[in-house]
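Secondary and tertiary structure notes
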Amino acid sequence: DQQVKQNSPSLSVQEGRISILNCDYTNSMFDYFLWYKKYPAEGPTFLISISSIKDKNEDGRFTVFLNKSAKHLSLHIVPSQPGDSAVYFCAASALRGYGNKLVFGAGTILRVKS
Amino acid sequence: GAGVSQSPSNKVTEKGKDVELRCDPISGHTALYWYRQSLGQGLEFLIYFQGNSAPDKSGLPSDRFSAERTGGSVSTLTIQRTQQEDSAVYLCASSLGLAGSEQFFGPGTRLTVL
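All values reported here derive from a predicted model rather than from experimental measurement.

Rules behind the numbers
Residues numbered from 1 in each chain as written. Chains lettered and ligands numbered in written order. Predicted model: local features only at pLDDT ≥ 70, side-chain atom pairs only at ≥ 80, totals over all residues. Heavy atoms only, no water. Pairing = 2+ DSSP bridges. Helix = DSSP H or I, 4+ residues; strand = E, 2+ residues; numbered from the N terminus. Disulfide = S-S within 2.5 Å. Buried < 20%, exposed > 50% of the residue type's maximum accessible area, 1.4 Å probe, protein only. Phe/Tyr/Trp six-rings, centres within 6.5 Å; stacked < 30°, edge-to-face > 60°. Contact = heavy atoms within 4.5 Å. Buried area = accessible area lost by both parts, 1.4 Å probe. Salt bridge = Lys/Arg side-chain N within 4 Å of Asp/Glu carboxyl O.

Residues and elements named next belong to chain A. Reading across the sheet, the five strands line up as E1-E3-E8-E7-E6 and stay open at both edges, with antiparallel pairing between neighbours. Of all strands in the sheet, those with a lone pairing partner are strand E1 (4-5) and strand E6 (56-59), marking the two edges. As paired strands, strand E3 (residues 19-25) and strand E8 (residues 72-77) are joined by six bridges and run antiparallel to one another. In the sheet register, asparagine 22 faces E8, and the bridge partner there is serine 74.

Evaluated as defined, the whole model comprises two disulfides over all chains. The partner cysteine of cysteine 23 of chain A in its disulfide is cysteine 90 of chain A, sulfur to sulfur 2.0 Å. Residues cysteine 23 of chain A and cysteine 90 of chain A share a disulfide whose torsion about the S-S bond is about -75 degrees; that sign makes it left-handed. Of this pair, cysteine 23 of chain A sits in strand E3 while cysteine 90 of chain A is found in strand E9 (residues 86-93), placing the two residues 67 residues apart along the sequence. Take cysteine 23 of chain A and cysteine 90 of chain A: they sit in the same class, and that class is buried. Here cysteine 23 of chain B engages in a disulfide with cysteine 92 of chain B; their sulfurs sit 1.8 Å apart. On the S-S bond that ties cysteine 23 of chain B to cysteine 92 of chain B, the torsion sits near -65 degrees, and the link is left-handed. On the criterion of sequence distance, the pair formed by cysteine 23 of chain B in strand E3 (residues 19-24) and cysteine 92 of chain B in strand E9 (residues 88-95) is long-range, its members being 69 residues apart. Owing to a relative accessible area of 0%, cysteine 92 of chain B belongs among the buried residues under this scheme.

On to the pairing of E9 of chain B. Residues and elements named next belong to chain B. Across the eight residues of E9, eight count as buried, placing the element largely inside the fold. In this structure, strand E4 (residues 31-37) lies alongside E9, joined through seven bridges in antiparallel fashion. Bridge assignment links arginine 36 to a residue of E9, and that residue is tyrosine 90. Bridging between E9 and strand E11 (residues 109-113) involves three bridges; their strand directions are antiparallel.

Applying the stated criterion across every chain, the model contains 12 aromatic pairs over all chains. Arranged with centres 5.6 Å apart and planes meeting at 85 degrees, the rings of phenylalanine 104 of chain A and tyrosine 35 of chain B form a pair that is edge-to-face. Here phenylalanine 104 of chain A, found in strand E10 (residues 103-104), pairs with tyrosine 35 of chain B, found in strand E4, and the two come from separate chains. By the burial criterion, phenylalanine 104 of chain A is buried, and tyrosine 35 of chain B matches it. Through pairs of rings, three or more aromatic residues link up here, namely Tyr36, Phe46, Phe89 and Phe104 of chain A together with Tyr33, Tyr35, Phe45, Tyr48 and Phe105 of chain B.

Let us look at the interface of chain B and chain A. Tallying the contact residues gives 21 residues for chain B and 18 residues for chain A. Roughly 1600 Å² of surface becomes buried between chain B and chain A when both sides are summed, with 59% attributable to carbon and sulfur atoms. Considering only the side of chain B, the residues that lose the most area to chain A are Leu43, Gly100 and Phe105 of chain B, jointly responsible for 27% of the buried surface there. Joining chain B to chain A, the criterion identifies one salt bridge.

See below:
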């Protein structure tokens, strides 16, 4: 039973355009959401997060939107750059729970074409 | 070192053998997590340590899997009598252990069971 779903296995975008990566979750106990970026042969690196008390968080070219009623979040990258090509994982956590373990989606491979 | 390190980076073993995977977290991080990523899947939580104790072992897939942490630092994940379905990348992460603390990941150990 996947609690965090990334339904698009891959996405291809032209350099300079917007990349939109989507994520859905089912567990209403989740109250903290994160995006991680992963290059081959490296561990995931934290990109941006959002608490359930917000609906938007922005950091430079990266913005995460949260729609709690739809249990949906998205990551927008504007403008996309070739160096953004990587696997992007959506993750969720219940801060009220113990240990803050992360529940991950299966990932979306982003390819930014120059 | 400054980041989370894991060893070995690659491990090939025969079915039925035992393996030990090691994780060195960031100095001062009290929380340590083990995840694994099977082919085409997202990261799957295995176990969480706070200090030397493991309050959440809910992700360990069978009793062939065990982990320990000593001195509040290094952790070892042991898989006994390995099976082919154990083949995956095993990732370790550490954090300050506070609610919402960023988890920093190591590069992972790629385990292949023949």
